[in-house]
Amino acid sequence: MIERIWSGRSWLYIVLLPLSALYGLISGLRRLSYKLGLRRAWKAPLPVVVVGNLTAGGNGKTPVVIWLVEQLQQRGYQVGVVSRGYGGKSEHYPLWVTDEVTTAQAGDEPVLIRRRTGVPVAVAPKRAEAIQALLVHAVVDIIITDDGLQHYALQRDYEIVVIDGVRRFGNGCWLPAGPMRELAGRLNSVNAIIVNGGTPEAGELPMTLKGNLAVNLLTGETRKVTDIPNGIAMAGIGHPPRFFATLQQLGAVLQKTHAFADHHAYEKDQLLALANSTQNLLMTEKDAVKCFQFAQPNWWYLPVHVDLPAEKGQKVVDDICALLPERNPRR
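Remember, predicted model here, so these are calculated numbers, not experimental data.

Basis of the calculations
- Residues numbered from 1 in each chain as written.
- Predicted model: local features only at pLDDT ≥ 70, side-chain atom pairs only at ≥ 80, totals over all residues.
- Heavy atoms only, no water.
- Pairing = 2+ DSSP bridges.
- Helix = DSSP H or I, 4+ residues; strand = E, 2+ residues; numbered from the N terminus.
- Axes fitted to C-alpha atoms, helices over the stretch in contact; angles between N-to-C directions.
- UniProt positions renumbered as here; feature names shortened; annotations may be inferred.
- 1 Å grid on protein atoms, 1.4 Å probe; cavity = no way out; pocket = protein on both sides within 12 Å on 5 of 7 lines; lining within 4 Å.
- Contact = heavy atoms within 4.5 Å.
- Points joined across faces, edges and corners; volume = space filled by probe spheres on them.
- Nonpolar A, V, L, I, M, F, W, Y, C, P; charged D, E, K, R; others polar.
- Core = buried A, V, L, I, M, F, W, Y, C linked by side-chain atoms within 4.5 Å.
- Buried < 20%, exposed > 50% of the residue type's maximum accessible area, 1.4 Å probe, protein only.
- Parallel < 35°, antiparallel > 145°, perpendicular 65-115°, else oblique.
- Left-handed = near helix turned anticlockwise from the far one by under 90°.
- Expected span 1.5 Å × (residues − 1).

Peer 1: Sorry if this is basic, but what is going on with the sheet that holds strand S12 (residues 254-259) here?
Peer 2: Two pairing modes exist for strands in a sheet, parallel and antiparallel, and in both the strands are linked by backbone hydrogen bonds. A sheet is described by the order of its strands in space; here 6 strands give the open sequence S10-S9-S14-S13-S11-S12, paired in mixed fashion. In the strand order of this sheet, the two ends are held by strand S10 (222-224) and S12, each with one partner. The mean angle between the axes of side-by-side strands here comes to 30 degrees, regardless of whether they run parallel or antiparallel. In the sheet, strand S9 (residues 213-216) pairs with strand S14 (residues 299-302) via 2 bridges, with the strands oriented antiparallel. Counterpart to Val-215 in the pairing with S14 is Tyr-301.

Peer 1: Sorry, what's going on with the UniProt feature "binding site: ATP" (unreviewed entry) in the chain here?
Peer 2: Mapped onto this numbering, the UniProt entry annotates "binding site: ATP" (unreviewed entry) at Thr-55, Ala-56, Gly-57, Gly-58, Asn-59, Gly-60, Lys-61 and Thr-62. Residues from the named set that contribute to the lining of the largest cavity are Lys-61. Along the chain, Gly-57 turns up in the loop between strand S1 (48-52) and helix H3 (61-74). Other than its neighbours up to four places away in sequence, Gly-57 contacts Arg-167 and Gly-238. Inspection of the secondary structure puts Asn-59 in the loop between S1 and H3. Excluding residues within four positions of it along the chain, Asn-59 makes contact with Asn-53, Val-162, Ile-163, Asp-164, Arg-167, Asn-196 and Arg-242.

Peer 1: Explanation requested: empty space enclosed by the protein in the structure shown.
Peer 2: Rolling a probe over the atoms, with the probe sized like a water molecule, indicates the empty space that remains. A complete count under the given rule lists 1 cavity of 30 Å³ or more for this structure. Of the voids in this model, the largest cavity is the one considered here, and its volume is about 30 Å³. As for the largest cavity, its lining consists of Lys-61, Ser-83, Arg-84, Gly-85, Tyr-86, Glu-109, Arg-127, Asp-146 and Asp-147. The residue makeup of the lining of the largest cavity, split by class, is 1 nonpolar, 2 polar and 6 charged.

Peer 1: Please clarify how the nonpolar core should be interpreted in this entry.
Peer 2: For soluble globular proteins, the rule of thumb is that nonpolar side chains tend to be buried together. Membership of the largest hydrophobic core comes to 39 residues, with the highest contact counts inside it found for Leu-68, Leu-72, Ile-144, Ile-160 and Ile-320. Excluding anything up to four places from it in sequence, Ile-320 contacts Val-49, Leu-68, Leu-72, Ile-142, Tyr-158 and Ile-160. Counting residues in hydrophobic clusters, the runner-up holds 25 residues, among them Ala-44, Ala-133, Val-140 and Ile-143.

Peer 1: Sorry, what's going on with unusual backbone geometry here?
Peer 2: Leaving glycine aside, a negative phi is the common case for residues, and trans is the common case for peptide bonds. Between Tyr-93 and Pro-94 the backbone carries a cis peptide bond, its omega angle lying at 0 degrees. Between Leu-175 and the following residue, Pro-176, the backbone shows a cis peptide bond with an omega angle of 0 degrees. Relative to the helices and strands, Pro-176 is located in the loop between strand S6 (158-164) and strand S7 (192-196). With a phi close to 50 degrees, Asn-230 is a non-glycine residue in the positive phi region. You can see Asn-230 is positioned in the loop between S10 and strand S11 (231-235). Of note in the backbone geometry, His-263 takes a positive phi value of approximately 65 degrees without being a glycine. By secondary structure assignment, the location of His-263 is in the loop between S12 and helix H8 (268-272).

Peer 1: Can you help me understand the packing of H3 against helix H5 (residues 108-117) in this one?
Peer 2: A pair of packed helices is characterised by two quantities: the angle between their axes and the separation of those axes. Packing of H3 against H5 leaves a shortest axis separation of 10 Å and a crossing angle of 30 degrees. One element, H3, and the other, H5, form an angle in the roughly parallel class. Here H3 runs over H5; the crossing is right-handed. In contact with Lys-61, Thr-62, Val-65, Ile-66, Val-69 and Gln-73 of H3, H5 contributes Glu-109, Leu-112, Ile-113, Arg-116 and Thr-117. A breakdown of the residues in the contact of H3 with H5 according to their chemical character gives 5 nonpolar, 3 polar and 3 charged.

Peer 1: Please clarify how the environment of Ala-273 should be interpreted in this entry.
Peer 2: For Ala-273, the position within the fold is in the loop between H8 and strand S13 (280-284). With a relative accessible area of 67%, Ala-273 lands in the exposed category.

Peer 1: Where do I start with the UniProt feature "transmembrane region" (unreviewed entry) in the chain in this structure?
Peer 2: Mapped onto this numbering, the UniProt entry annotates "transmembrane region" (unreviewed entry) at residues 12-30. Along residues 12-30 one finds 95% helix and 0% strand; the C-alpha atoms at either end are 28 Å apart.

Peer 1: Teacher, can you tell me more about H3 here?
Peer 2: Along an α-helix, residues three or four apart share an orientation, since each turn contains 3.6 residues. With 14 residues, H3 ought to run about 20 Å at 1.5 Å a step, and its terminal C-alpha atoms sit 20 Å apart, in line with that. A large share of H3 lies buried, amounting to 11 of its 14 residues. Here H3 has its buried residues at Lys-61, Thr-62, Pro-63, Val-64, Val-65, Ile-66, Trp-67, Leu-68, Val-69, Gln-71 and Leu-72. Note on H3: the residue one or two positions beyond its end, Gly-76, has a positive phi of about 90 degrees.

Peer 1: Can you help me understand the sheet that holds S1 in this one?
Peer 2: Taken together, the 9 strands give an open sheet; going across it, the order is S3-S4-S2-S5-S1-S6-S7-S8-S15, and neighbouring strands pair in mixed fashion. For this open sheet the edge positions go to strand S3 (95-96) and strand S15 (305-307), each flanked by a neighbour on one side alone. Of the strand pairs in this sheet, S1 and strand S5 (residues 142-146) are connected by 4 bridges, and their pairing is parallel. Among the inter-strand pairings, Val-50 is bridged to a residue of S5, identified as Thr-145. Lying on the sheet, H3 is in contact with S1, strand S2 (79-83), S5, S6, S7, strand S8 (205-210) and S15; it crosses S5 at an angle near 165 degrees. Along the sheet face, helix H10 (residues 310-321) touches S1, S5, S6, S7 and S8 and points at about 150 degrees away from the line of S6.

This is the structure in structure tokens:
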């Protein structure tokens, strides 16, 4: 139902417009208070890059964070990542993400980023505290914050917005009548706009998520998606239909699909009920990081990586590297 409302296919959004107006007023006043200096935003001693979005729901933001980390690593820079840690709850913050930290504590995205890149990751509702933890525990040249475009308590040096190219901005209304955290005019003040799928508009960088090898959660074996029979697909991400469509585009024959809420906390019995021993359960990597502890032999996940036009993608990386005071990165 919420997708129908946000996409403009249901008139029920009209009922929610007063709440949207209140949301827009509060968020606008909050941003203005920082702009006028009535509230003080914290400035990190290192360059800060925000990878965020204007809408609620999954846009492909975390894969962009991973891509950017890897690009900077290839140039020899030491990168640190901070996150709010949505879906996690820790007894203390800031939380330093180690191999022993669970998704229940840190949230699925910070654990995924740490697992994929190996870079230091810190989590805190106040991202300034997460950055301060990074500065104490690690040697880093630059900070990337996973989400946080609307977290104006933290100054930033470069902003990247990721857009779902198919859904874009739906009906264009603020939450809860529409999907917008901020209105589309905010794009005029960001440094780069990356569009995941669909048709990009002028000035936007087209992005696709690539990957056709599924990985077994239990053994680490890799197989082409087309070589995994009797597939049952599940996803607990911002927009599960995108994952299901990706599997079908890769040639997977799916017997059934199951969509869960974003950041859903899985239990073993819940997933065992989805696929029997003759079937194979296919999930996203974001789902998999919450399931390794009770993984079964017939469970697989699909890692994806960002594919951007080489010249335009490298221009973004070049601009970010130019923020660093020393053009010769630490080796």
